Amino acid sequence: MVLVVVLSACGGAGTPAPEVAITSTPTRATSVAPSPTPSPTPAAAASPRAIAAVLERIDPAKLNDHMVALASFVSRDVRHPGHAKAVAYLKEQLGAIPGVVIQTHRAAYNGIPLENIFALVDPLTPPGPTGWVMICAHYDSISNRTPGWNPSTMAAPGADDNGTGTAALLEYARVLAQERASLKQRVVLAFFDGEELFFKGSAAYLGTLPVPSPYAAVINIDMVGFNPIADRLDLIWYTAGSAGLRDRMVAANERYQIGVNPLIPQLATSGATILDAAPFGLSGIPAVAIVQRYGENDATFPGNYTFHTVNDTPVNVSNTRLWLKAAKLTLATALELAR
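Given the structure is predicted, the values throughout are model-derived calculations rather than measurements.

Caption draft 1: Quick peek at the packing of aromatic side chains. Applying the stated rule across the entire model yields eight aromatic pairs. Ring geometry for F118 and F192: centres 5.9 Å apart, planes at 85 degrees, overall edge-to-face. Taken together, the residues span a long stretch of sequence, with F118 in strand 4 (residues 112–121) and F192 in strand 6 (residues 187–192) at a distance of 74 residues. Each member of the pair, F118 as well as F192, carries the same accessibility label: buried. Judged by centre distance (4.5 Å) and plane angle (40 degrees), the rings of F118 and Y205 are tilted. Taken as a pair, F118 in strand 4 and Y205 in helix 6 (residues 200–206) lie far apart in primary sequence, 87 residues in all. Each member of the pair, F118 as well as Y205, carries the same accessibility label: buried.

Caption draft 2: Representation of helix 4 (residues 82–95) within the structure. Given a rise of 1.5 Å per residue, 14 residues ought to cover 20 Å, and the 20 Å separating the end C-alpha atoms of helix 4 matches this to within 8%. Turning to helix 4, the residues buried within the fold contact helix 3 (60–71), strand 3 (101–109), strand 4, helix 5 (159–177) and strand 6.

Caption draft 3: Here's a closer look at the nonpolar core. Counting residues in each nonpolar core, the largest one holds 67 residues, and the members touching the most others are Y172, L189, F191, I221, L233 and L331. Setting aside residues up to four positions removed in sequence, L331 forms contacts with V54, L55, I58, I135, Y172, V175 and L176. Counting residues in hydrophobic clusters, the runner-up holds 28 residues, among them L120, V188, I274 and I285.

Caption draft 4: The arrangement of the environment of H83 in detail. Along the chain, H83 falls in helix 4. Note on H83: relative accessible area 8%, which makes it buried. Linking H83 and D140, residues 57 residues apart in sequence, is a C-alpha distance of 7.3 Å. When sequence neighbours within four positions are dropped, the list of residues in contact with H83 reads S75, R76, D77, V78, Y139 and D193.

Caption draft 5: Seen up close, the packing of helix 5 against helix 9 (residues 320–338). Closest axis-to-axis distance for the helix 5/helix 9 pair is 10 Å, and the angle between their directions is 50 degrees. Taken as axis vectors, helix 5 and helix 9 run oblique relative to one another. Crossing handedness for the pair helix 5 and helix 9: right-handed. Residues T164, A167, A168, Y172, V175 and L176 of helix 5 touch helix 9, and the partners they reach there are W323, A326, A327, T330, L331 and L335. Of the residues contributing to the contact of helix 5 with helix 9, the split by class is ten nonpolar, two polar and no charged.

Caption draft 6: Structural view of the pairing of strand 9 (residues 263–267). Relative to strand 9, strand 8 (residues 233–237) runs parallel, the two being bridged by five bridges. What sits directly across from D234, in strand 9, is I264. Taken together, strand 8, helix 7 (residues 243–255) and strand 9 constitute a β-α-β crossover, and its handedness is right-handed.

Caption draft 7: Highlighting the pattern of salt bridges. With the rule as written, the count across this model stands at 17 salt bridges. With its nearest N and O atoms 2.6 Å apart, the salt bridge here joins R174 to E171. Placement of both R174 and E171 in helix 5 is noted, with a separation of three residues, approximately one turn of the helix. We classify R174 as partly exposed; its relative accessible area is 23%.

The rules behind these values
- Residues numbered from 1 in each chain as written.
- Predicted model: local features only at pLDDT ≥ 70, side-chain atom pairs only at ≥ 80, totals over all residues.
- Heavy atoms only, no water.
- Phe/Tyr/Trp six-rings, centres within 6.5 Å; stacked < 30°, edge-to-face > 60°.
- Helix = DSSP H or I, 4+ residues; strand = E, 2+ residues; numbered from the N terminus.
- Buried < 20%, exposed > 50% of the residue type's maximum accessible area, 1.4 Å probe, protein only.
- Expected span 1.5 Å × (residues − 1).
- Contact = heavy atoms within 4.5 Å.
- Core = buried A, V, L, I, M, F, W, Y, C linked by side-chain atoms within 4.5 Å.
- Axes fitted to C-alpha atoms, helices over the stretch in contact; angles between N-to-C directions.
- Parallel < 35°, antiparallel > 145°, perpendicular 65-115°, else oblique.
- Left-handed = near helix turned anticlockwise from the far one by under 90°.
- Nonpolar A, V, L, I, M, F, W, Y, C, P; charged D, E, K, R; others polar.
- Pairing = 2+ DSSP bridges.
- Right-handed = clockwise from strand over helix to strand, strands pointing away.
- Salt bridge = Lys/Arg side-chain N within 4 Å of Asp/Glu carboxyl O.

Printed below as a string of structure tokens:
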């Protein structure tokens, strides 16, 4: 599959994206699976009450710990030494969770290595080749809105963008590993690299997928920890093929009383709304992304002036309530599909 997208990323560099070359194929490392537990009936597994109980196991303290750790590496820009520390941290955290399978996919951007990391959570019964559910977030960071910023030497803490989404994925791995008996489909937690360089990691990975794609849905969580006015999220969707997934997420917000308000669907019609969900959605795979705000500021969002700067630090991730709601909404939607 070949996907060519000439669009501007959320705050990335301002020149057209060059070709991404796949430099190696995924590798696989399997951790020890927990002892099988009795499988609940399909109706019980997918019931709103059962899913609501899983959502309550998301631990805000663990979310914060992961975000603070990710920001502590100074920068996760692919050109900075801190990037390697972030990769090691993600693999260490995922490798400590029984029942999670780790895969990596490597690509290159202008000779710079990129590494996507995948955490696979499978049902106790081997999954089929299609119907998989992806939850994704980019773990790289950038501070290109800071005057004079040097990517190889200067800070890009990326606490909100996208330490918040990356931390959510790590917490999903812990929670979902305990839910394998209830799953009917594989859940893939995708930690994408190079999003800040025009979603290079996700686009490169898409190019390796067979046709038809194994994924039934892709849900992207990106920058969800700031808004001093309202618990607002924008729900970005791509083409008519993503409308059903969009509607499912809107319904989940009500069904599980998550309380995102307002939750505003936006069709991705400009470069300002491009995230890691974009390559998948534009290729025809149902894909959505949630993010604190895209577009002009309004009465429910005052603007976040720290993102893509050296000031995107943990202290400025100030709406932890919204962050938890975003984490719950994303997981609830994925669980409905995977069960």
